[in-house]
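Overview (structure and organization)
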Amino acid sequence: MTATGSCEPLISVEVVFAGALGAVSKPYRVAATATVADVLRLAAEDPEWAGVFGAVGARPAVGIFGRRAEPGEPLDDGDRIEIYRPLSADPKSERRMRARAARKSAGTPSKSGRS
């Protein structure tokens, strides 16, 4: 029986988040008709996840086993819902800055002719 008292079949899913200070992982049993949004709401109400939703915002980017997922997407038994934290910097800009610094230290001019 579910929390609402119905006899709807249940599935097992896991919600995970890897933050800068460590990972949080917790299994949940939800209705077989549950969506990603349903499980995120459940996790947001869980005291163990108190700091996570403050860090990623009310509508975090999520995925299922590394594949981006939408809030209304239905779940399958055994799914792992991953909450992605926002990037601290744009990876493309970071690569450019590292390459520029490496060229400067090697004394090589940049592609534009400027150092």
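Below is a short write-up of the structure. Keep in mind the model is a prediction, meaning the values are calculated, not measured. (Residues numbered from 1 in each chain as written. Predicted model: local features only at pLDDT ≥ 70, side-chain atom pairs only at ≥ 80, totals over all residues. Heavy atoms only, no water.)

1. Focus: the pattern of salt bridges
Scanning all chains against the criterion turns up five salt bridges. Measuring nitrogen to oxygen at the nearest pair gives 3.2 Å for the salt bridge that ties E48 to K26. Taken as a pair, E48 in the loop between α1 (36–44) and α2 (52–56) and K26 in strand β2 (residues 22–31) lie far apart in primary sequence, 22 residues in all. A salt bridge links E82 to R80; the nearest nitrogen and oxygen atoms lie 2.4 Å apart. Looking at E82, the relative accessible area reads 10%, which means it is buried. With relative accessibility at 28%, the residue R80 sits in the partly exposed group. (Salt bridge = Lys/Arg side-chain N within 4 Å of Asp/Glu carboxyl O. Helix = DSSP H or I, 4+ residues; strand = E, 2+ residues; numbered from the N terminus. Buried < 20%, exposed > 50% of the residue type's maximum accessible area, 1.4 Å probe, protein only.)

2. Comments concerning unusual backbone geometry
With the exception of glycine, the majority of residues adopt a negative phi angle, and the majority of peptide bonds are in the trans configuration. A positive phi angle, near 50°, is found at F65, a position not held by glycine. Assignment of secondary structure puts F65 in the loop between β3 (61–64) and β4 (67–69). For F65, a relative accessible area of 46% puts it in the partly exposed group.

3. Some thoughts on a positive patch on the surface
A contiguous patch of positive charge on the surface is contributed by K92, R95, R96, R98, R100 and K104. Here K92 is to be found in helix α3 (residues 91–106). The exposure class assigned to K92 is partly exposed, which follows from its relative accessible area of 49%. (Patch = residues over 30% accessible without salt bridge, like charges linked within 9 Å, V, L, I, M, F, W, Y side chains within 5 Å. Areas by Shrake-Rupley, 256 points an atom, 1.4 Å probe, with all protein chains shown as cover. Lys, Arg positive; Asp, Glu negative; His and termini not counted. Charge placed at Lys NZ, Arg CZ, Asp CG, Glu CD.)

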